[in-house]
Amino acid sequence: MKLYFNNSIRILFLLLIFSGCSVSSKINMPDHQQNYTIDSVMDSYSQKDTAFVHVIEGFKSQLDGEMNAVISISEEEMIVGKPESKLSNYIADAMLAIGKEYCAENQLSHSVDLSIMNQGGIRTGMPKGEITTGRIFEMLPFKNKLVIVGMKGHDLMKLLNQVAGFGGEGISGVKMGIKDKQAVDVLVNGISVDLEKTYHILSIDYLVNGGGGLSAFENRETFRHMHKKLRAEVIRYISEKDKKGEHISAKLDGRIYHVE
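In this text the structure is predicted, and so the values were computed from the model without any measurement.

1. Some remarks on the overall build of the protein
Turning to step 1, where the next piece is worked out: Regarding its fold elements, the protein presents 8 helices and 11 strands.
Turning to step 2, where the next piece is worked out: Counting the 260 residues in the protein, one finds 43% classified as buried.
Turning to step 3, where the next piece is worked out: Considering only residue pairs separated by 6 or more positions, the protein has 76% of its internal contacts joining residues 24 or more positions apart.
Turning to step 4, where the next piece is worked out: Summed over all atoms, the accessible surface of the protein reaches about 13700 Å², with 49% contributed by carbon and sulfur.

Right, here's the structure in full:
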């Protein structure tokens, strides 16, 4: 009997290893110790103890079912691109909505003014047609967590200047031009930036903690960890929209543009 470890099995092992999952089924291990390579053929071991095979097959079946579950329909194919793109706009808009909902549910004294997501964190495009949970895992493969930071307007401008220097990123709640790699004509919720006002930005821990080159996040005044993963929240957001009859769609609205 040969046991081959395909992509689903590899995903399963990663989930078991990194999430600390425990297997409730009893597996009788051989008396002698021996190392096996995960992606190798394990003939001799599987012949000695088929319980291992049954447990793995059970998890694989459950995992396949979850990953193949259709959560919505995408009305068109979307990819990332700069200065703005339909896909990065969609993800940033979803983040902003998720942040506003969180602030309201937790009765915070403030809401979220804008969201920022690096386009490099969106690893695949959104195809047209049925969208599964597994597709979102491929699109957002990292375990990024959502955080809310408060920044004065003058520090927010430094942050948006870095966004402009990168040629644009995924943003929502903001409209800005890029000229000579600087942010110009910046509007937050349709209003010019008040340099002394505190703005609340929803982003991911990776960026806020110095990843992606957005070092201006270091100038934050406040930091709130939502204890929610971006990927899980986006899946929930898409699913709830679909239940209301809203399919996945986005548009280019000029939120980031180049100024000659």
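2. Brief notes about helix H8 (residues 230-243)
Turning to step 1, where the next piece is worked out: In this model H8 runs 20 Å from its N-terminal to its C-terminal C-alpha over 14 residues, within 8% of the 20 Å that 1.5 Å per residue would give.
Turning to step 2, where the next piece is worked out: When H8 is considered as a whole, its buried residues turn out to be Leu230, Arg231, Glu233, Val234, Ile235, Tyr237, Ile238 and Ser239.
Turning to step 3, where the next piece is worked out: Among the residues trailing H8, Gly245 stands out with phi positive, at a value near 85 degrees.

3. Points about the nonpolar core
Turning to step 1, where the next piece is worked out: Counting residues in hydrophobic clusters, the biggest one holds 59 residues, and the most contacted among them are Ile91, Ile136, Leu159, Met176, Ile201 and Phe217.
Turning to step 2, where the next piece is worked out: For this core, the leading source of residues is helix H4 (residues 86-105), giving 9 residues.
Turning to step 3, where the next piece is worked out: When near neighbours in sequence (up to four residues on either side) are disregarded, Phe217 contacts Val149, Met151, Leu159, Ile201, Ser203, Leu207 and Val208.

4. Side note on the packing of aromatic side chains
Turning to step 1, where the next piece is worked out: Applying the stated criterion to the full structure yields 1 aromatic pair.
Turning to step 2, where the next piece is worked out: Each ring, one from Tyr90 and one from Tyr237, has its centre 6.3 Å from the other, and the planes form 65 degrees; the classification is edge-to-face. Here Tyr90 is found in helix H4, whereas its partner Tyr237 is found in helix H8, with 147 residues between them in sequence.
Turning to step 3, where the next piece is worked out: Here Tyr90 falls in the buried class, since its relative accessible area comes to 8%.

5. Observations concerning unusual backbone geometry
Trans is the common state for peptide bonds, and a negative phi is the common state for residues other than glycine.
Turning to step 1, where the next piece is worked out: A cis amide bond links Lys82 with the next residue in sequence, Pro83, at an omega value of 10 degrees.
Turning to step 2, where the next piece is worked out: With respect to the helices, strands and loops of the structure, Pro83 is situated in the loop between strand S1 (70-74) and H4.
Turning to step 3, where the next piece is worked out: Backbone geometry places Gln107, a non-glycine residue, at a positive phi of 50 degrees.
Turning to step 4, where the next piece is worked out: Among the secondary structure elements, Gln107 is positioned in the loop between H4 and strand S2 (114-117).
Turning to step 5, where the next piece is worked out: With a phi close to 65 degrees, Lys181 is a non-glycine residue in the positive phi region.
Turning to step 6, where the next piece is worked out: Examined against the element boundaries, Lys181 turns out to sit in the loop between strand S6 (174-179) and strand S7 (182-188).
Turning to step 7, where the next piece is worked out: Owing to a relative accessible area of 59%, Lys181 belongs among the exposed residues under this scheme.

6. Description of the sheet that holds strand S10 (residues 222-229)
Turning to step 1, where the next piece is worked out: Read from one edge to the other, the open sheet built from 5 strands follows the order S5-S2-S9-S4-S10, with strand pairing classed as mixed. Two strands bound the open sheet, and with one partner strand each, they are strand S5 (170-172) and S10. Looking at each pair of strands side by side, their axes are set apart by 20 degrees on average, direction ignored.
Turning to step 2, where the next piece is worked out: The pairing of S2 with S5 spans 3 bridges and is antiparallel. Of the residues in S5, the one forming a bridge with Ser115 is Ser172.
Turning to step 3, where the next piece is worked out: Contacting S2, strand S4 (145-152) and strand S9 (198-204), helix H6 (residues 153-165) runs over the sheet at an angle of about 125 degrees to S4.

7. Thoughts on the environment of His247
Turning to step 1, where the next piece is worked out: The residue His247 is located in the loop between H8 and strand S11 (256-258) in this model.
Turning to step 2, where the next piece is worked out: Taking the C-alpha atoms as reference points, His247 and Gly129, separated by 118 residues in sequence, lie 9.8 Å from one another.
Turning to step 3, where the next piece is worked out: Ignoring anything within four residues of it in the chain, the contact list for His247 reads Ser72, Ile73, Glu75 and Asp242.

The rules behind the values
- Residues numbered from 1 in each chain as written.
- Predicted model: local features only at pLDDT ≥ 70, side-chain atom pairs only at ≥ 80, totals over all residues.
- Heavy atoms only, no water.
- Helix = DSSP H or I, 4+ residues; strand = E, 2+ residues; numbered from the N terminus.
- Buried < 20%, exposed > 50% of the residue type's maximum accessible area, 1.4 Å probe, protein only.
- Contact = heavy atoms within 4.5 Å.
- Areas by Shrake-Rupley, 256 points an atom, 1.4 Å probe, with all protein chains shown as cover.
- Expected span 1.5 Å × (residues − 1).
- Core = buried A, V, L, I, M, F, W, Y, C linked by side-chain atoms within 4.5 Å.
- Phe/Tyr/Trp six-rings, centres within 6.5 Å; stacked < 30°, edge-to-face > 60°.
- Pairing = 2+ DSSP bridges.
- Axes fitted to C-alpha atoms, helices over the stretch in contact; angles between N-to-C directions.

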